[in-house]
Amino acid sequence: MWRFVIGRLLQAIPVIFVVITATFFLVRAAPGGPFDAEKAVIPEVKAALERQYRLDLPLHEQYFAYLGDLMQGDLGPSFKYPGRSINELIESGLPVTAELGAYALLIALVVGGLSGILAALRPNTLQDYIPMSLAMVGICMPTFLLGPLLVLLFGIELDWLPVSGWGDIPGDKLMPSITLGAAYAAYVARLSRAGMLEVLSQDYIRTARAKGLPEWQVVIKHGLRGGMLPVVAFLGPAFAGLLAGSFVVETIFQIPGLGRFYVQAAFNRDYTMILGTTVFLSTLIVLFNLLSDIVAAWLNPRLRAQLSE
Amino acid sequence: MVQSIIRALSVVCLLSLAACMGGESKVEQGNREGVLHYGNGSEPQGLDPHVVTGVPENKIIRTLFEGLAVKNPYTLEPEPGVAASWDISADGKQIVFHINPKARWSNGDPVTAHDYVWSWRRALDPNMGNQYAYMLYPVLNAEAYATGQLDDVEQLGVTAKDDLTLVVTLNAPTPYFIQLMDHYSTFAVHPATVSQFGGATDRFTPWTRAGNMVSNGPFVLTEWKLNRYIRVEKNPMYWNADNVTLNAVMFYPTENLTSEERMFRAGQLHYTNEVPLDKIPVYKSMQNSPFAQAPYLGTYYYLLNTNKAPMDDVRVRKALSMAVDRETLVSTVLQNAYVPAYSITPPDTLGYFPPKTFSYDPEQARQLLAQAGYPNGENWPGLELTYNTSENHRKVAVAIQQMWKDVLNIEVSLANQEWKVYLDSVNQMNFQIARRGWIGDYVDPNNFLDLFITEGGNNNTGYSDPEYDEIILRQAPNAPSREERYALFRKAETMLMEEMPILPIYTYTSKHLIHPSVKGMPPNLMDSLNIRYVWLDSNETLKAE
């Protein structure tokens, strides 16, 4: 097991290194720079700015200097927000995005998982069709449509929930979490339905039923463990995707998360911010993929046996 | 089992819904407590007056700091700020500011003329990288010092005669210089505080953070939650604190226009930074509408690259301009949210009205194009119109492309570029026609007309006329009265539009939703907020229908 984990971690290092290098040179290749503005910048001022950000050095020296700082955990100063470091900006945005992602994932798991299981218990009946059609709608409905619809209904017409913010007014976390979670809930529902259907037709389930176990025990104790495997495999990448993809929801609800920095950085040519967030998120994606592999292995007795040999 | 989980969940959901129903909105609470909830567009880059460049920064900085003179929000004429009065010498080259002896920093220190000398040296220091350093260029030797040609800071034309007397020497008479005192790049910072957190010219210090900052305006910074809000509270040390009615202002980074509009409707904002274009007709049709629209000191225009054929021919430039039906464009595509423009300076810029040298004239446009060698669009070599990615820019470009096709029978292709790519193209003059906007930094025609002096940094058209330069750089500054000065500007602007290096399209407008409880926030050309005039009347409620 440890060999598996360590091996996967070692594989991750070159991946992240390639990501850093490619990002570093690609953003520099893009036309325009961080100090280009609509009003012409005086050359002396631009030179002073470039000096302060080491942009006057040859590109390869900048690259090695950046790598050096990165080794010490320093992602550099922001171009767009002078006086703030990328570390500070990520620290301010990450807890919010992570919290949003966690709630969304929770909603996805509870709502999606339950409806998937319910559907699998009575396949090809209304109990199957209704949640699965809803799931299809959920997958098809983009967050930038669902969010404003929810806001119009619950925020403005019914006046039940605040229309924006995060942690400022009670209840303001509900709509963004639902908006972000909805599409993932739909995926989870379909995956858990498929997983459960497969498991529930297996011989050992028939044995369990034949023993006279109550149905809920059969489903929860024997069915879930195998039936949820596809969901677990999906969770790792899904959580990383939630972190990187929460930009739309963060914009709709004015949430001070990481996603806004990430997308705006590209428009602003905020070199350090682009690099910082890309490196950070790619590390997260690699880690979460690893984590979901480990959990899947732990849930699957056959795989576990292979790994412990 | 499953059912009971669902039941439990639905109970939790309903409870949490019930918990947040009802109660008073932020606006109602704010009216009671004297707290203004202000949609400010985006997260400020920073709050150091000598570092930042944007409009959202400006709004916040102006509540925290005060210039020597400030703008009256009703007339835009300067009135006393830190300086109680000022004397301008007969030749217009020396200004003596008499600092109000009651002016204080928020830590209790008096504001002195020495603080200004220190701050202006900082603002102009080449190491500072201050993108607005040029605002102080009218000051003697300022440009030479800022560009590194002069090392001796003592030669700058700013000195403290005593603690309360600041003497400023100018290169040439600069009638709009007092206006500049309300621009944040000329504000004083507290030398001891700035030095305490790093070098004087260091961009990366935490002196502007809440708790560290010492400022001299009507409000002080008390909270700065990144991407959430900035809270400023009344500064008891402010010299005019008795006349400040608000207790606090909350600035929100409302980047998304539609979200901002929803926040306003839900009672979370008193004031929105913008209004989505598609909502304007709805708000305009309301009774007691919270919608407020006013001309803004900015012009939307197309740059015509006069170095490149076929635009090197003035007849082609004029034909293109005369073939654009601005009235129709504004009333249809732009929902009347802007004002058609026929020149670069916005109308009524502190009493100045630009000349109108041409109008929509398809017949004359066709003739001019024929004279230039393209009768009815024959032999037309093609043209490319460049704009930066934005739905509104695209709509305008498509409409104008069609007008040119209909009137002149010429093909123009559209090139859409990402923002920084577009900036690069414009600065390198790597375009034939390019969209451009210019927002004034101070209310004076000079701010628009000096764009087009030869080799001007924001000229970007190749236009060059020594006579024009002579009027803008020498004659107008020395004009004895405002009337004569404006007459010279009108002459210059007429010359400019005869050559048509730009194709003006519309004058910007400021558009806000303002809750009726907000008083003392009149519309003006600068969209300028003078927070000490603002107060909240809790008897007023939104009753728009």
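A short tour of the structure in this document, coming up.

Parameters and conventions
- The residue count restarts for each chain, going from 1 along the sequence in the order it is written.
- To read the labels, note that chains go from A and ligands from 1, taken in the order they are written.
- Local features in a predicted model are, by the rule used here, given only for residues with pLDDT of at least 70; side-chain atom pairs are given and counted only at 80 or more, and totals for whole chains, interfaces and linings are based on all residues.
- The basis for every side-chain value is the complete set of non-hydrogen atoms in the structure, without hydrogens or water.
- Secondary structure elements are taken from DSSP: a helix is a run of H or I of four residues or more, a strand is a run of E of two residues or more, and numbering for both begins at the N terminus.
- We call two residues in contact when some of their heavy atoms are within 4.5 Å.
- Only the protein chains shown count as covering a residue, and every accessible area follows the Shrake-Rupley method with a 1.4 Å probe.
- Only the C-alpha atoms count toward the radius of gyration. The rule for a globule is 2.2 Å times the residue count to the power 0.38.
- Relative accessibility decides the category of a residue: with a 1.4 Å probe and only protein chains considered, values under 20% of the type maximum give buried, values over 50% give exposed, and everything between is partly exposed.
- Think of it this way: Lys and Arg go in the positive column, Asp and Glu in the negative one, and His and the chain ends go nowhere.
- For the purpose of locating charges, the reference atoms are NZ of Lys, CZ of Arg, CG of Asp and CD of Glu.
- Each reported salt bridge corresponds to a side-chain nitrogen of Lys or Arg within 4 Å of a carboxyl oxygen of Asp or Glu.
- Two N or O atoms form a polar contact when they lie within 3.5 Å of each other; inside protein one atom must be a possible hydrogen donor and the other a possible acceptor, and for residues adjacent in sequence the pair counts only when both atoms belong to side chains.
- Polar here means any residue other than Ala, Val, Leu, Ile, Met, Phe, Trp, Tyr, Cys and Pro, which are nonpolar, and Asp, Glu, Lys and Arg, which are charged; Gly is therefore polar.
- Pairing between strands is defined by DSSP: at least two bridges between them are needed.
- Working convention: axes come from line fits to C-alpha atoms, limited for helices to the stretch in contact. Angles between N-to-C directions cover 0 to 180 degrees.
- Nonpolar cores are built from buried Ala, Val, Leu, Ile, Met, Phe, Trp, Tyr and Cys residues. Side-chain atoms within 4.5 Å join them into one set.
- Multiply 1.5 Å by the residue count of a helix minus one, and that product is the helix's expected span.
- Excluding any residue in a salt bridge, patches collect residues exceeding 30% relative accessible area, merging like charges within 9 Å and nonpolar Val, Leu, Ile, Met, Phe, Trp and Tyr side chains within 5 Å.
- Here is the rule for angles: anything less than 35 degrees is roughly parallel, anything more than 145 is roughly antiparallel, 65 through 115 is roughly perpendicular, and the remaining ranges are oblique.
- Handedness of a crossing is defined here by the sense of rotation of the near helix relative to the far one, left-handed for an anticlockwise turn of less than a right angle and right-handed for a clockwise turn.
- Ring pairs shown here join Phe, Tyr and Trp side chains whose ring centres sit within 6.5 Å, with only the six-membered ring taken for Trp; geometry is labelled stacked below 30 degrees between planes, edge-to-face above 60, and tilted in between.
- Remark: a charge is flagged as sitting over a ring if the NZ atom of Lys or the CZ atom of Arg is within 6 Å of the ring centre and within 35 degrees of the ring normal.

### Observations regarding the overall build of chain A
Thinking step 1. Helix and strand counts for chain A stand at 14 helices and zero strands.
Thinking step 2. Going residue by residue from the N terminus, the α and β elements of chain A occur as α-α-α-α-α-α-α-α-α-α-α-α-α-α.
Thinking step 3. Principal-axis analysis of the C-alpha atoms gives chain A an extent of 85 × 60 × 30 Å.
Thinking step 4. Looking at chain A alone, contacts between residues at least 24 apart form 71% of all its contacts between residues at least 6 apart.
Thinking step 5. If you sum the accessible surface of chain A, you get close to 14,400 Å²; carbon and sulfur atoms cover 69% of it.

### Brief notes about the overall build of chain B
Thinking step 1. Across its full length, chain B holds 17 helices and 18 strands.
Thinking step 2. Computed over C-alpha atoms, the radius of gyration of chain B comes to 26 Å, within 12% of the 24 Å expected from 2.2 N^0.38 for 545 residues, which places it in the range of a compact globule.
Thinking step 3. Along the first, second and third principal axes, the C-alpha atoms of chain B reach 80 × 70 × 40 Å.
Thinking step 4. Looking at chain B as a whole, 58% of its 545 residues are labelled buried.
Thinking step 5. A sequence separation of at least 24 residues applies to 70% of the contacts in chain B between residues at least 6 apart.
Thinking step 6. Counting every atom, chain B has about 20,600 Å² of accessible surface; 49% of that belongs to carbon and sulfur.
Thinking step 7. Taking the average location of the 44 positive side-chain charges in chain B and that of its 61 negative ones, the two points are 6 Å from each other.

### Structural notes on the interface of chain B and chain A
Thinking step 1. Each partner contributes to the interface: chain B provides 63 residues, whereas chain A provides 64 residues.
Thinking step 2. Inspection of the chain B/chain A interface yields two salt bridges.
Thinking step 3. Salt-bridge contacts for A:R269 lead to B:E418; the nearest nitrogen and oxygen are separated by 2.8 Å.
Thinking step 4. Remark: the boundary between chain B and chain A carries 15 residue pairs in polar contact (both at pLDDT 80 or more).
Thinking step 5. Partitioning the side of chain B that touches chain A into residue classes produces 29 nonpolar, 19 polar and 15 charged.

### Focus on the sheet that holds strand β7 (residues 165-169) of chain B
Note on sheets: strands pair through backbone hydrogen bonds, and any given pair is parallel or antiparallel.
Residue and element names in this part refer to chain B.
Thinking step 1. Strand order in the open sheet formed by four strands is β4-β5-β7-β6, with antiparallel pairing between adjacent strands. For this open sheet the edge positions go to β4 (83-88) and β6 (158-162), each flanked by a neighbour on one side alone. Each strand of the sheet is rotated relative to its neighbour by a mean of 20°, with strand direction disregarded.
Thinking step 2. Bridging between β4 and strand β5 (residues 94-99) involves five bridges; their strand directions are antiparallel. Its bridge partner lying in β5, D87 is registered against V96.
Thinking step 3. Where helix α4 (residues 113-124) meets the sheet, it contacts β5, β6 and β7, and its direction lies at approximately 165° from that of β6.

### Some thoughts on unusual backbone geometry
Residue and element names in this part refer to chain B.
Thinking step 1. The residue after A309, namely P310, is reached through a cis peptide bond having omega 0°.
Thinking step 2. Take P310: it is sitting in the loop between β11 (291-304) and α10 (314-322).
Thinking step 3. In the Ramachandran plot, D348 falls in the positive-phi region, its phi being about 60° despite a non-glycine side chain.
Thinking step 4. Following the sequence through the fold, D348 ends up in the loop between β12 (339-340) and α12 (362-371).
Thinking step 5. In this model, N379 sits at a positive phi of 60°, which is unusual for a non-glycine residue.
Thinking step 6. Tracing the backbone shows N379 in the loop between α12 and β13 (383-388).

### Quick notes on the pairing of strand β1 (residues 35-39) of chain B
All names here are of chain B.
Thinking step 1. The element β1 is extensively covered by neighbouring structure, given that five of its five residues are classed as buried.
Thinking step 2. Side-chain alternation along β1 places V35, H37 and G39 on one buried face and L36 and Y38 on a second face that is also buried.
Thinking step 3. Two strands pair when backbone bridges link them, and β1 and strand β10 (residues 248-252) are joined in this way by five bridges, in the parallel orientation. Of the residues in β10, the one forming a bridge with H37 is M250.

### Observations regarding the nonpolar core
Residues and elements named next belong to chain B.
Thinking step 1. Residues L36, L68, F97, W120 and F177 are the most contacted members of the largest nonpolar core, which totals 104 residues.
Thinking step 2. With six residues, the single largest contributor to this core is α4.
Thinking step 3. Core analysis: the second largest hydrophobic core is formed by 86 residues, L304, L320, L369 and F448 among them.

### Comments concerning the sheet that holds β11(B)
All names here are of chain B.
Thinking step 1. Taken in spatial order, the six strands line up as β12-β16-β11-β15-β13-β14 in an open sheet, and their pairing is mixed. Looking at the sheet topology across the chains shown, the edges are occupied by β12 and β14 (412-417).
Thinking step 2. Inspection of the sheet shows β13 paired to strand β15 (residues 433-439) by two bridges, in the parallel sense. Within the sheet, the bridge partner assigned to T386 lies in β15 and is A434.

### Considerations on α4(B)
Residue and element names in this part refer to chain B.
Thinking step 1. With twelve residues, α4 should cover 16 Å at 1.5 Å per step; its first-to-last C-alpha distance of 17 Å lies within 8% of that length.
Thinking step 2. Burial analysis of α4 places nine of its twelve residues in the buried class, which makes it a mostly covered element.
Thinking step 3. Near the N-terminus of α4, the side chain that reaches the backbone nitrogen of H114, with its oxygen 3.3 Å away, is that of T112.

### Quick look at a nonpolar patch on the surface
Residues and elements named next belong to chain A.
Thinking step 1. On the surface, a cluster of nonpolar side chains totalling about 500 Å² of accessible area is made up of W2, I6, L10 and I13.
Thinking step 2. Among the secondary structure elements, L10 is positioned in helix α1 (residues 2-29).
Thinking step 3. Given the relative accessible area of 55%, L10 is considered exposed.

### Notes on α10(B)
Thinking step 1. Where burial is concerned, most of α10(B) is hidden: seven out of the nine residues are buried.
Thinking step 2. Two or three places before B:R315, at the start of α10(B), stands the capping residue B:D313, its side-chain oxygen 2.8 Å from that residue's backbone nitrogen.

### Observations regarding the packing of helix α16 (residues 466-475) of chain B against helix α17 (residues 482-499) of chain B
Residues and elements named next belong to chain B.
Thinking step 1. Two elements in contact, α16 and α17, have axes whose closest approach is 10 Å; the angle formed by their N-to-C orientations is 155°. When the axis of α16 is compared with that of α17, the two are roughly antiparallel. Relative to α17, the crossing made by α16 is left-handed. Of the residues in α17, those in contact with E467, Y468, I471, I472 and Q475 of α16 are L488, F489, K491, A492, M495 and L496.

### Notes on the packing of aromatic side chains
Here the distance between the centres and the angle between the planes together describe a pair of aromatic rings.
Thinking step 1. Throughout the structure, instances matching the rule amount to 40 aromatic pairs over all chains.
Thinking step 2. Here A:Y184 and A:F234 contribute two aromatic rings whose centre-to-centre distance is 6.4 Å and whose plane-to-plane angle is 40°, an arrangement assigned as tilted. Of this pair, A:Y184 sits in helix α7 (residues 174-200) while A:F234 sits in helix α10 (residues 229-245); the two residues are 50 residues apart in sequence, bridging distant segments of the chain.
Thinking step 3. Pairing B:Y463 with B:Y468 gives two aromatic rings, centres 5.5 Å apart and planes at 85°, and the pair type is edge-to-face. Across the pair, exposure class does not vary: B:Y463 and B:Y468 are buried alike.
Thinking step 4. The structure contains a cluster of three or more aromatic residues connected by ring pairs, namely A:F24, A:F25, A:Y63, A:F64 and A:Y66.
Thinking step 5. Stacked on the ring of A:F24, the Lys or Arg A:R28 has its end atom at 4.7 Å from the ring centre.
Thinking step 6. Directly above the ring of A:Y271 sits A:R28, whose terminal nitrogen or CZ lies 4.2 Å from the centroid.

### A word on the environment of B:T541
Residue and element names in this part refer to chain B.
Thinking step 1. Within the fold, T541 resides in the segment after β18 (535-536).
Thinking step 2. When the C-alpha atoms of T541 and G382 are compared, they prove to be 56 Å apart, with 159 residues separating the residues in sequence.
Thinking step 3. Discounting residues that sit within four places of it in the chain, T541 has contacts with H515 and P516.

### Here's the deal with the pairing of β11(B)
Residue and element names in this part refer to chain B.
Thinking step 1. Of all 14 residues making up β11, eleven are buried, and the element is well covered by its neighbours.
Thinking step 2. Note: β11 against β15, seven bridges, orientation antiparallel. Opposite Y302, over in β15, you have R435 as the bridge partner.

### Some remarks on the pattern of salt bridges
All names here are of chain B.
Thinking step 1. What the rule picks out here adds up to 31 salt bridges over all chains.
Thinking step 2. With its nearest N and O atoms 3.0 Å apart, the salt bridge here joins K71 to D182. Note that K71 is positioned in strand β2 (residues 69-71) and D182 in the loop between α6 (177-180) and α7 (191-196), a separation of 111 residues in sequence.
Thinking step 3. With a relative accessible area of 5%, K71 lands in the buried category.
Thinking step 4. Taking the relative accessible area as the measure of exposure, D182 reaches 5% and is therefore buried.
Thinking step 5. The salt bridge partner of R485 is D444, with a shortest N-O separation of 2.8 Å. Of this pair, R485 sits in helix α17 while D444 sits in the loop between β15 and α15 (446-449), placing them 41 residues apart in sequence.
Thinking step 6. With a relative accessible area of 5%, R485 lands in the buried category.
Thinking step 7. Judged by its relative accessible area of 4%, D444 falls in the buried class.

The quantities given are spatial measurements derived from coordinates; they are silent on function.
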